[in-house]
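Observations on the model geometry
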Amino acid sequence: MDVIEVAGLRKEYPRLRGGRTVALDGLDLSVPEGGVFGFLGPNGAGKTTTIRCLLGLVRASGGRGRLLGADVPGGLPAVVGRVGSIVETPAAYPRFSGRTNLALLAKVAGVGRSRVREVLEQVGLAERADDLVRTYSFGMKQRLGIATALLKDPELLLLDEPAIGLDPAGIVEVRELIRRLGAEGRTVFVSSHILTEVQQVADRVAILSRGRAVASGPVGEVLSGGRAAELVVRLNDVSAGLRALAEAGIDARALDDRLLVALPPDKSSLVTRTLAERGLYLSELRVEEADLETVFLELTEGDQR
Amino acid sequence: MNGLLAAELRRFWSRRLLWVLVVLELLGIAFGGGIAFWNVRFELTSLPDVFLGTSLIVTIVGWVLGASFIGAEWHAGTVTTLLTWETRRDRVIAAKIIAALASIFLLSMVIQVLLGGMLAFDAAVRGSTEGVDGAWFVESLGVALRASALGTFGAAVGFAFAAVGRNTAGALGVGFAYFVVVENLVRGFRPRWIEWLVSENASRFLLARSSDLPYLARSTLGAGLYLTTVALLALLFAGVVFGTRDVT
């Protein structure tokens with residue numbers, strides 16, 4: 001079952017001086033149940049607008065969205081109790097303590113006070129829970145936002161840039177938390193521009209560009225992007241190595257002081273044997289792996305605003 | 001809805017601005033009571049006139065509290081958080097309106113009771129309680145209730161403007177512009193429209209006696225109904241805008 005289904009979602013904002021800004025341009029998206037789903041895109045690609053549409057904060061201009069099987073926004077009241085979220089920078093009442101902020105929301109949804117304690121401990125805010133939010137650092141406010149999202153013990157979490165503003169230790173903690181939540185069987189839909197973070201925790205990703213999904217699927221699939229895997233070979237005499245591989249019928253090309261060999265990783269022994277038989281000894285052999293950043297930049301080229 | 005209302009009431013009564021204004025009002029009562037105690041022999045029969053005099057303050061305080069209750073929330077961005085917990089916007093705004101208006105009415109009454117109590121003490125110790133009877137009590141209570149109702153009216157309209165503009169200062173500015181500019185223009189250029197001005201209707205509602213405003217044909221009840229209609233229309237408009245406008 002897909003916990004998030006978006007079909008042809010469109011959102012336009014009127015401009016002050018006439019015309020319209022298209023934030024979402026017929027977005028299609030399916031997020032299966034369980035695990036971590038990374039939602040990537042450059043600034044202005046429509047990530048936050050998508051989350052706002054799914055939560056009923058903005059009305060779509062066209063298309064449809066479903067959350068946990070309920071139509072958005074009409075069916076939201078029936079499922080919102082199973083959805084936790086952070087939308088952009090989480091806002092809290094500055095003159096209340098973190099605990100009071102959570103207690104007020106708990107009261108709205110009929111969540112017990114013991115759950116407030118649990119989530120404060122879960123995000124590492126228990127010691128400062130009774131301090132006013134106005135005294136919190138940006139990172140602490142972000143943690144409070146995550147605690148707010150977790151308060152309902154939700155099946156589905158929509159997290160918009162959850163690690164923004166956190167220090168390195170905080171980023172690692174949030175990464176571990178997201179991984180743990182995904183492993184517990186919840187679905188964590190996380191939008192982020194920190195691609196390495198998403199690559200480390202996500203099972204599946206979608207890449208958004210100009211309001212459309214330009215790639216979507218399991219991380220490995222999106223990373224490969226349909227390209228054949230390559231091996232990177234480094235040796236002293238690149239031209240001799242290129243000749244040797246060509247004579248053995250292996251497709252390769254030279255790039256600076258390396259050879260890029262068009263073979264999958266499980267055929268790497270063929271390369272070492274071929275070169276060694278001709279007295280050529282390599283100093284490095286590794287699989288050329290595209291990272292999410294490279295794929296992201298390729299797919300969103302010209303969309304970096 | 002009960003949880004939402006309880007949360008809104010808690011938030012209203014925890015606001016710093018509220019307590020700053022309450023402290024200022026208490027200081028005003030103490031100061032006024034002190035002056036009455038030392039300098040004049042206060043006659044308790046004039047208490048309704050004192051309530052009439054302080055009704056403007058009650059109304060302005062209501063306006064400020066009503067506007068800032070929702071305006072501050074838009075400013076802090078907490079409306080977004082709340083709407084991800086309760087997506088039925090009609091319930092959210094209804095809870096806010098009920099919490100604000102009920103609290104402001106109660107607060108206005110308590111402040112006037114404290115003022116009345118202080119002046120009653122002055123009158124009993126150094127002034128005069130002559131003429132104080134059942135009719136006086138009914139009149140005093142009536143003025144206090146009507147002043148509190150006006151404070152609640154101010155709160156409702158202030159809340160509505162701030163909800164539509166998503167801003168406290170804007171709502172206060174609109175109020176100032178209306179009373180200073182619009183009403184004076186109407187009085188100067190369209191005197192026949194005077195009966196539709198808020199100030200005139202508020203005065204008629206508060207003064208109760210038709211002899212005090214001979215140029216206004218409307219009755220006290222009519223003025224009250226007119227002000228109630230204005231407040232309800234403003235709140236209805238705010239509710240429609242709140243329910244349909246994007247939260248970005």
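Conventions and cut-offs
- Starting from 1, residues in each chain are numbered consecutively following that chain's sequence as written.
- Working convention: letters from A go to chains and numbers from 1 go to ligands, in the order in which they are written.
- With the structure being a predicted model, the display of local features is reserved for residues of pLDDT at least 70 and the display and counting of side-chain atom pairs for 80 or more, all residues being used for whole-chain, interface and lining totals.
- The basis for every side-chain value is the complete set of heavy atoms in the structure, and neither hydrogens nor water enter the calculation.
- Between N-to-C directions, angles cover 0 to 180 degrees, with each direction set by a line fitted to C-alpha atoms, over the stretch in contact for helices.
- To qualify as a helix, a DSSP run of H or I must reach at least 4 residues; to qualify as a strand, a run of E must reach at least 2; elements of each kind are numbered from the N terminus.
- Roughly parallel covers angles under 35 degrees, roughly antiparallel covers those over 145, roughly perpendicular covers 65 to 115, and oblique covers all other angles.
- Two helices cross in a left-handed way if the nearer one is turned anticlockwise from the farther one by less than a right angle. They cross in a right-handed way if the turn is clockwise.
- Contacts are assigned to residue pairs with any non-hydrogen atoms lying within 4.5 Å of each other.
- Polarity classes work like this: nonpolar for Ala, Val, Leu, Ile, Met, Phe, Trp, Tyr, Cys and Pro, charged for Asp, Glu, Lys and Arg, and polar for all others, with Gly in that last group.
- In short, buried area is how much 1.4 Å probe accessible area vanishes from two parts on joining, totalled over both.
- Here, a salt bridge means any side-chain nitrogen of Lys or Arg that lies within 4 Å of a carboxyl oxygen of Asp or Glu.
- Counting of polar contacts relies on pairs of N or O atoms within 3.5 Å, with two restrictions inside protein: one atom must be capable of donating a hydrogen and the other of accepting it, and residues adjacent in sequence are counted only when both atoms are side-chain atoms.
- Any two strands are treated as partners once DSSP identifies two or more bridges connecting them.
- All the domain ranges listed were derived from an automatic or database domain assignment.
- Only protein chains enter the accessibility calculation, which uses a 1.4 Å probe; a residue is then buried when its area is under 20% of its type maximum, exposed when over 50%, and partly exposed in between.
- Buried Ala, Val, Leu, Ile, Met, Phe, Trp, Tyr and Cys residues form a nonpolar core when they are joined through side-chain atoms within 4.5 Å.
- In this scheme Phe, Tyr and Trp rings, the latter by its six-membered ring, pair at centre separations within 6.5 Å, and the angle between planes marks the pair as stacked below 30 degrees, edge-to-face above 60, and tilted otherwise.
- Over a ring means this: the NZ of a Lys or the CZ of an Arg is within 6 Å of the ring centre and within 35 degrees of the ring normal.

**A few points about the packing of helix α3 (residues 47-76) of chain B against helix α5 (residues 89-125) of chain B**
Residues and elements named next belong to chain B. Direction vectors running N to C along α3 and α5 enclose 150 degrees, while the axes themselves pass 10 Å from each other. With respect to their mutual orientation, α3 and α5 come out roughly antiparallel. Between α3 and α5 the crossing geometry is right-handed. Across the interface between the two elements, Leu-47, Val-50, Phe-51, Thr-54, Val-58, Gly-62, Leu-65, Gly-66, Phe-69, Ile-70 and Glu-73 of α3 pack against Lys-96, Ala-100, Ile-104, Leu-107, Ser-108, Gln-112, Leu-115, Gly-116 and Leu-119 of α5. Looking at the contact of α3 with α5 residue by residue, the classes come out as 12 nonpolar, six polar and two charged.

**What to know about the interface of chain B and chain A**
Contacts between the two partners involve 28 residues from chain B, matched on the other side by 30 residues from chain A. Interface of chain B and chain A: buried area, both sides summed, is about 2500 Å²; carbon and sulfur atoms make up 63% of it. Counting every contact that joins chain B to chain A gives one salt bridge. Among the salt bridges present, the one from B:Asp246 reaches A:Lys11, with a minimum N-O distance of 2.6 Å. At the junction of chain B and chain A, the tally comes to 11 residue pairs in polar contact (both at pLDDT 80 or more). Elements represented by at least two residues in the side of chain B that touches chain A include exactly α1 (2-13), α3, α4 (78-83) and α9 (220-244) of chain B.

**Considerations on the sheet that holds strand β10 (residues 212-218) of chain A**
Residue and element names in this part refer to chain A. The strand order across the open sheet built from six strands is β6-β7-β8-β3-β9-β10, with neighbouring strands paired in mixed fashion. Strand pairing shows two members of the sheet lacking a second neighbour, β6 (83-86) and β10, which therefore form its edges. Taking each pair of neighbouring strands and ignoring which way they run, the sheet shows an average axis angle of 15 degrees. The sheet strands contacting helix α6 (residues 168-183) are β3 (35-40), β7 (156-160) and β8 (187-192), and the helix crosses β8 at an angle near 150 degrees.

**Some thoughts on the domain arrangement of chain A**
Taken domain by domain, chain A holds domain 1 (2-224) and domain 2 (231-289). Computed from C-alpha coordinates alone, the two centres of domain 1 of chain A and domain 2 of chain A are separated by 45 Å.

**Details of the pattern of salt bridges**
All names here are of chain A. Enumeration according to the criterion identifies 32 salt bridges over all chains in this entry. Between Arg-128 and Asp-131 there is a salt bridge, and its shortest N-O distance comes to 2.3 Å. The exposure class of Arg-128 is partly exposed, given its relative accessible area of 29%. With a closest N to O distance of 2.6 Å, Arg-286 and Glu-284 form a salt bridge. Glu-284 sits in the partly exposed class, given a relative accessible area of 23%. The structure contains a network of salt bridges with shared partners spanning Arg-234, Asp-256, Asp-257, Arg-258, Glu-284 and Arg-286.

**Some points on unusual backbone geometry**
All names here are of chain A. Between Val-72 and the following residue, Pro-73, the backbone shows a cis peptide bond with an omega angle of 5 degrees. When you line up the elements, Pro-73 lands in the loop between β5 (70-71) and α2 (76-79). Located in the positive-phi region is Glu-88, a residue other than glycine, with phi close to 50 degrees. By the element assignment, Glu-88 lies in the loop between β6 and α3 (98-109). For Asp-256, which is not a glycine, the phi torsion comes out positive at approximately 55 degrees. Within the secondary structure, Asp-256 sits in the loop between β12 (252-255) and β13 (258-261). For Asp-256, a relative accessible area of 66% corresponds to the exposed category.

**Some words on the packing of α3(A) against helix α4 (residues 113-122) of chain A**
Residue and element names in this part refer to chain A. The geometry of α3 relative to α4 is characterised by a closest axis approach of 9 Å and an angle of 135 degrees between their N-to-C directions. Relative to α4, α3 is oriented oblique. The handedness of the crossing between α3 and α4 comes out as right-handed. Mapping the contact onto sequence places Arg-99, Leu-102, Ala-103 and Ala-106 in α3 and Arg-113, Val-116, Arg-117, Val-119 and Leu-120 in α4. A breakdown of the residues in the contact of α3 with α4 according to their chemical character gives six nonpolar, no polar and three charged.

**Focus: helix α1 (residues 47-54) of chain A**
Residue and element names in this part refer to chain A. Of all eight residues in α1, eight are buried, a share of seventy percent or more. Three or more residues of α1 are buried, namely Lys-47, Thr-48, Thr-49, Thr-50, Ile-51, Arg-52, Cys-53 and Leu-54. At the C-terminal side of α1, Gly-56 shows a positive phi close to 80 degrees.

**Points about the sheet that holds strand β4 (residues 62-67) of chain A**
Hydrogen bonding along the main chain pairs the strands of a sheet, whether they run parallel or antiparallel. Residue and element names in this part refer to chain A. What the four strands build is an open sheet, ordered β2-β1-β4-β5; its pairing is antiparallel. Each end of this open sheet is capped by a strand with a single partner; those strands are β2 (20-32) and β5. Of the strand pairs in this sheet, strand β1 (residues 2-14) and β4 are connected by five bridges, and their pairing is antiparallel. Each residue of the ladder has a partner; that of Ile-4, found in β4, is Leu-67.

**Here's the deal with the nonpolar core**
Residues and elements named next belong to chain A. Formed by 143 residues in total, the largest nonpolar core has its most connected members in Ile-4, Leu-158 and Phe-189. In contact with Ile-4, other than residues within four places in its own chain, are Leu-29, Ser-30, Val-31, Leu-54, Arg-66, Leu-67, Leu-156, Leu-158 and Phe-189. Ala-240, Ile-250, Leu-275 and Leu-280 belong to the second largest nonpolar core, which has 14 residues in total.

**A word on the packing of aromatic side chains**
We describe a pair of aromatic rings using the distance from one ring centre to the other and the angle between the two ring planes. Residues and elements named next belong to chain B. Across all of its chains, the model carries 11 aromatic pairs over all chains by this definition. Aromatic side chains Trp-63 and Phe-179 sit 6.5 Å apart centroid to centroid with 70 degrees between the ring planes, which places their arrangement in the edge-to-face category. You can see Trp-63 sitting in helix α3 and its partner Phe-179 sitting in helix α7 (residues 168-189), a full 116 residues away along the chain. You can call Trp-63 buried: its relative accessible area is 12%. Exposure remark for Phe-179: the relative accessible area of 31% places this residue in the partly exposed category. One aromatic cluster is present, built from ring pairs that chain together Phe-12, Trp-13, Trp-19 and Phe-69. Positioned over the ring face of Phe-69 is Lys-96, at 5.8 Å from the centre of the ring. When the ring centre of Tyr-226 is taken as reference, the NZ or CZ atom of Arg-218 above it lies at 4.9 Å.

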